[in-house]
Structure formats: structure tokens, C-alpha cells
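Take a look at the letters that make up each chain.
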Amino acid sequence: MSFHDRPLKPTSTGIPGVESLVVLETPIREKLDRIAEISPTGCAMGIRFRLGRPAFLHYTYDPEWMKLYLEQNLYLCDPTIVWGVASSGEVRWSDLERRFPDPFGVFEKARKFDLNYGCVVSVGTIGSKTTGGMAHDKRELTDAEIAEFKKLLGDIHDIVCRRKPLLETHLRALELYSYGYSYDEICERLHISRSALKSRLSGARKRLGANSNVDAVRIATEYHLLRPVMLTGSAS
């Protein structure tokens, strides 16, 4: 099953300060699709843990499990998260459960939602860590599946980390473009020349890895750099 066929994740993850990773860019979308294929019971990943929390969160587990998980704040005591943030590499849930304390019974609660087998993978450095887990309801994940998950998660981590922050000049130009203003109208509002505007929009596209201005607005919106609006910018 493609992750597109799974229930839509909310923009709000339920964790204060953490946004949902709603990404439609082809390189990330393809990797998430492949992860969905090798994790039939779902997956979850926290992208770029800094200061104790991830910048983005993506999950495809049973919505009822995620509701319980968030309502009971299990992410604060989940052994898979504790291990993933503090360690690097990969470990099966069964090994982790034998070696790691689970005083709040996270593993036992997860099994009630068919999250019977799984693994945790952690990549990156201590200052910028990405950790993820994927599950299988019927059997242990194979070494090859875990290795592939680690590679895919590492690729996603690298793509997100390569994103250069947009300058305020980029954001302002993109914002006005997203509102549907023409190039001439944007130039008038920003008191800049047409060539300067093209340079700013070009810079935004390069930093976001976008193929067009509309694509740049969409990506910036998905990363919560812009407010969601109708993408009706003029190409004139």
C-alpha cells in the first residue's frame, strides 16, 4: 500500500512545537512510498531532533494507536525514541524490549494495535538526529529490510538537512507571488526592479529545490514558511 492510500496525517502532530512532515517533493515521496511497502503495519519518523524534539514528524501507524500515543504522552517515555535519540544504528524492538526498561508498557500497548514486530533506526549526529521505526504484524523484519529502511531514512535526513534557510527577501517575494500579484505589482510593493525580483525568486527556487515559482510556494508552505493560500501567482 502506498502511503498516499493511508489516512491523511493532520498538520498538527499533537506534540507541542512539532510540525507534520507533509512532503510532496518527488525524491522524498518516492522514499516514503518504498518505506510503506516494507512496513505493512506502518512507520513513524522524527526528522532532525534538535533541543529534544524533531523539526518534523511523519507517521502512518493506525490512527487509533497514534491518538492513544499522543493522549497519554507516550513519546516522553517511549524506549524506541529514547534509544533513537541517544544512539546511532539500528535495533529490533524485541532486542530493545529485553535490554531497555519500559515502565509505562509502551510495547505492550502497541501490540494491541498489531505492532508486534519492528525496528528502530537512528541516523545523523547528536546535534541533528533523525530516528524512525517501522512495524510488521506477522514477523520480525529481515536484516535486508532494516538496512534498506536505514538507507531510505538517511536519504530523507540528508535531503531535509541540505535545505538552506530562505532569506526574508525570498520569503517576501514568494508570499506576494502566492497571493496572485503580477511581477510588476510585486516590484511596486517591494520597491525593487524586475530583474531584482527574478533574482530573489530564482534564489528561493534554488534553496528549496523547486522547479518553478508555484513549486517553490508549495514547498515553502509545506515547511510552514508561508501561510497556506491559493497558488495563483502570475508568470508574467
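In what follows, the accompanying structure is described. (Residues numbered from 1 in each chain as written. Predicted model: local features only at pLDDT ≥ 70, side-chain atom pairs only at ≥ 80, totals over all residues. Heavy atoms only, no water.)

Focus: the pairing of strand S5 (residues 117–125)
Then, number 1: The pairing of strand S4 (residues 89–92) with S5 spans four bridges and is antiparallel. For Glu90, the partnering residue across the bridge sits in S5 and is Val121.
Then, number 2: Pairing of S5 with strand S6 (residues 128–136) involves nine bridges; the strand directions are antiparallel. Across the sheet, Gly124 pairs through a bridge with Lys129, a residue of S6.
Then, number 3: If you look at the hairpin formed by S5 and S6, you'll find two residues sitting between the two strands. (Pairing = 2+ DSSP bridges. Helix = DSSP H or I, 4+ residues; strand = E, 2+ residues; numbered from the N terminus.)

Topic: the pattern of salt bridges
Then, number 1: Throughout the structure, instances matching the rule amount to 14 salt bridges.
Then, number 2: Glu108 is the partner of Arg111 in a salt bridge, and the nearest nitrogen-oxygen pair spans 3.0 Å. Placement of the pair is Arg111 and Glu108 together in helix H5 (residues 106–111), with a separation of three residues, close to one helical turn.
Then, number 3: Taking the relative accessible area as the measure of exposure, Arg111 reaches 29% and is therefore partly exposed.
Then, number 4: A relative accessible area of 45% means that Glu108 is categorised as partly exposed. (Salt bridge = Lys/Arg side-chain N within 4 Å of Asp/Glu carboxyl O. Buried < 20%, exposed > 50% of the residue type's maximum accessible area, 1.4 Å probe, protein only.)

Remarks on the packing of helix H8 (residues 183–190) against helix H9 (residues 194–208)
Then, number 1: Taken N-terminus to C-terminus, the directions of H8 and H9 make an angle of 100 degrees; their axes are 9 Å apart at the nearest point. Relative to H9, the element H8 is oriented roughly perpendicular. Side by side, H8 and H9 meet where Tyr183, Asp184, Ile186, Cys187 and Leu190 of the first sit next to Arg194, Leu197, Lys198, Arg200 and Leu201 of the second.
Then, number 2: Each residue belonging to the contact of H8 with H9 can be placed in one class, and the counts come to six nonpolar, no polar and four charged. (Axes fitted to C-alpha atoms, helices over the stretch in contact; angles between N-to-C directions. Parallel < 35°, antiparallel > 145°, perpendicular 65-115°, else oblique. Contact = heavy atoms within 4.5 Å. Nonpolar A, V, L, I, M, F, W, Y, C, P; charged D, E, K, R; others polar.)

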